[in-house]
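Descriptive structure summary
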Amino acid sequence: MKKTTVAILFFILLTSTVVAQQGYFGIQNSQRKGMINALMNPAELNQFSKKVEVSFFAADAALSNNVLTFRDILDDPDQFETIFQGISEPANVRTDFSILGPSVGVRVDKWSFGFTSQLKGKADIIDFNPDLGDAIVVNSSAGGDNQTGLNIPYNQRLNAIGWMELGLMAGTSIINSDLHGLSVGGHFKLLLPGTYANIGLDQIQATLVNEADQISLTDASGSLNLSYDERWNNSNGTALEQNLWRHLSPNGFALDLGVSYQLKSFGRTFLNSGLSVRNLGRMTAPQDQFTRNYTMNIPQNEFFRIDNLEGDFDEIEQQLVESGYFTVERELSQTKIRLPRLLAAYVEFSPFSTFQVSLYAQKRLTDENRNQYLSGPDLLVLTPRLILGKLELYSPWMQHQIAGLSGGFGLQYGGFFIGSHSLITGLIADSKRADFHAGLSWGFGRND
């Protein structure tokens, strides 16, 4: 049990930090307007550079955490036994994965329409308490007697989910003069959830006791939310990333709304701005979802040995209930998963035809500490851009809610782009973020 506990904790904190993903920040404010821009704000459908825009693919991968830098991992790969001793704030890892499949947009007079297909996934650690982490690691690896008091007044979570989105877009131009432009748009998305898992530990107050080869809880209270797809029990060792997208089926809807404004001069747009609200919706987990809520109450001077827990989930649940220290509530209704509702605003300023600077801000409107709510980052991105005909060179600088400041570099030639939000800071300094994005699209037809 001890070795398993350490191994699971180390795997989650290390592999999530190495394989995390993020978004298209930096490229989505390009002067060449395409489907990536419309995903940021559906009103950008009306600003397409060509009459028809076809996106063949786009993909991204990134890292955001507040625990380890890459130099920490390279210098001391075995540091997991002291990993929590150097931090005073909750440990966080955010991952978001997205592949934009075949997607197309077209302008018809004052109207624009589009179709999108995306595959998404998340695997996050949210506000994991360092005292709890250190107690688990130390008590699992130490040979002596010790005890640790825990007082964690918030919900800490580990969750993972995979899903697909099929979307229909529509937008229209309200004002389009030589000086001003005003457009609105919407993106209606059909959600196809794959599988979902969540562990939530809320209001934990306890004493964790290590005596020789025993690990026990005493004077403990709190609650545990456990939710997972029961089909994982029959996966025959299939990897997590494959399980996330198994058995996709339509079971949810979401909506994005946006508005954009352009200020023009001398036949070109020198200021473009927009506001959007995204992910207004939710999806329902498959009927195979297993969801339980456990309440813990262990009196002082009474002990429950957690190192004796063994077997599958049903056997462990039976051991908890039979101890008399735990009660279980089985949720009969289907699990409703809320998307991270986001408010985004941006401005793109082009004082010269060869130079642009953009500022993008994003704010999460939902509480990511609540069970069944997906996370989304608060961030601010400043991106200067050099424009040399079809070639654009850009350098996004991001202040991220979790990883702090990072800066990168990328290039775009026509519909092809490749870049990173963290290449520069990753090379010159210790960085808690790394990422990569690339894509290919093609536009044709002249806008009238």
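Presented here is a report on the structure given in the accompanying data block.

Some words on the overall build of the protein chain
- Of the regular secondary structure elements, the protein chain holds seven helices and 25 strands.
- Going through the 448 residues of the protein chain one by one, you find that 51% of them count as buried.
- The contacts in the protein chain between residues at least 6 apart in sequence include a share of 72% that link residues at least 24 apart.
- Accessible area of the protein chain: about 20300 Å², with a carbon and sulfur share of 59%.

Thoughts on the environment of E53
- Considering the arrangement of structural elements, one finds E53 in strand β1 (residues 52-65).
- Put simply, E53 and S103 are 50 residues apart on the chain and 8.4 Å apart in space, counted from C-alpha to C-alpha.
- Discounting residues that sit within four places of it in the chain, E53 has contacts with R32, K33, G34, M35, F48, S103, V104, G105, S441, W442 and G443.

What about the environment of L320?
- Take L320: it is sitting in helix α6 (residues 313-323).
- Residue L320 is classed as buried on the basis of its relative accessible area of 10%.
- Taking the C-alpha atoms as reference points, L320 and L309, 11 residues apart in sequence, are found 8.4 Å from one another.
- Leave out the neighbours within four places in its chain, and L320 touches Y294, F304, L309, Y325 and F326.

Concerning the pairing of strand β19 (residues 379-388)
- Side chains of β19 alternate between two faces, with L379, V381, T383, R385 and I387 buried and L380, L382, P384, L386 and L388 left unburied.
- As defined by bridge partners, strand β18 (residues 355-364) adjoins β19 across eight bridges and the pair is classed as antiparallel. Bridge assignment links Q362 to a residue of β19, and that residue is L379.
- Here β19 runs beside strand β21 (residues 397-400); their pairing, made up of four bridges, is antiparallel.

Some thoughts on the nonpolar core
- If you look at the biggest cluster of nonpolar residues, it comprises 31 residues, and the most contacted ones within it are L217, M296, I298 and F304.
- Within the residue set of this core, elements represented by two or more residues are β2 (91-94), β5 (111-128), α4 (130-141), β6 (146-152), β8 (180-211), β9 (214-229) and β13 (289-298).
- Look past the residues within four positions of I298 in its chain and what remains in contact with it is L217, T218, D219, A220, F304 and Y325.
- Grouped together as the second largest cluster of nonpolar side chains are 13 residues, A38, L45, A58 and L100 included.

Brief notes about a negative patch on the surface
- On the surface, a cluster of negative charge is contributed by E230, E310, D312, D314 and E315.
- Within the secondary structure, D314 is located in helix α6.

Observations regarding the side chain of T207
- Inspection of the secondary structure assignment puts T207 in strand β8.
- Residue contacts for T207: discarding those within four places in its chain leaves Q147, T148, G149, S216, L217, T218 and D219.

Structural notes on the packing of aromatic side chains
- Within the structure shown, the criterion is met by eight aromatic pairs.
- With a centroid separation of 5.6 Å and 25° between ring planes, the pair formed by F188 and F253 is classed as stacked. Taken together, the residues F188 in strand β8 and F253 in strand β10 (residues 252-265) connect sequence positions 65 residues apart.
- According to the relative accessible area criterion, F188 is partly exposed, its value standing at 43%.
- A centroid spacing of 4.9 Å and a plane angle of 40° characterise the contact between Y228 and F290, whose relative ring orientation is tilted. Note that Y228 is positioned in strand β9 and F290 in strand β13, a separation of 62 residues in sequence. Grouping residues by exposure puts Y228 and F290 together as buried.
- What links up through ring pairs into an aromatic cluster is the set F304, Y325 and F326.

Conventions used here
- Residues numbered from 1 in each chain as written.
- Predicted model: local features only at pLDDT ≥ 70, side-chain atom pairs only at ≥ 80, totals over all residues.
- Heavy atoms only, no water.
- Helix = DSSP H or I, 4+ residues; strand = E, 2+ residues; numbered from the N terminus.
- Buried < 20%, exposed > 50% of the residue type's maximum accessible area, 1.4 Å probe, protein only.
- Contact = heavy atoms within 4.5 Å.
- Areas by Shrake-Rupley, 256 points an atom, 1.4 Å probe, with all protein chains shown as cover.
- Pairing = 2+ DSSP bridges.
- Core = buried A, V, L, I, M, F, W, Y, C linked by side-chain atoms within 4.5 Å.
- Patch = residues over 30% accessible without salt bridge, like charges linked within 9 Å, V, L, I, M, F, W, Y side chains within 5 Å.
- Salt bridge = Lys/Arg side-chain N within 4 Å of Asp/Glu carboxyl O.
- Lys, Arg positive; Asp, Glu negative; His and termini not counted.
- Charge placed at Lys NZ, Arg CZ, Asp CG, Glu CD.
- Phe/Tyr/Trp six-rings, centres within 6.5 Å; stacked < 30°, edge-to-face > 60°.

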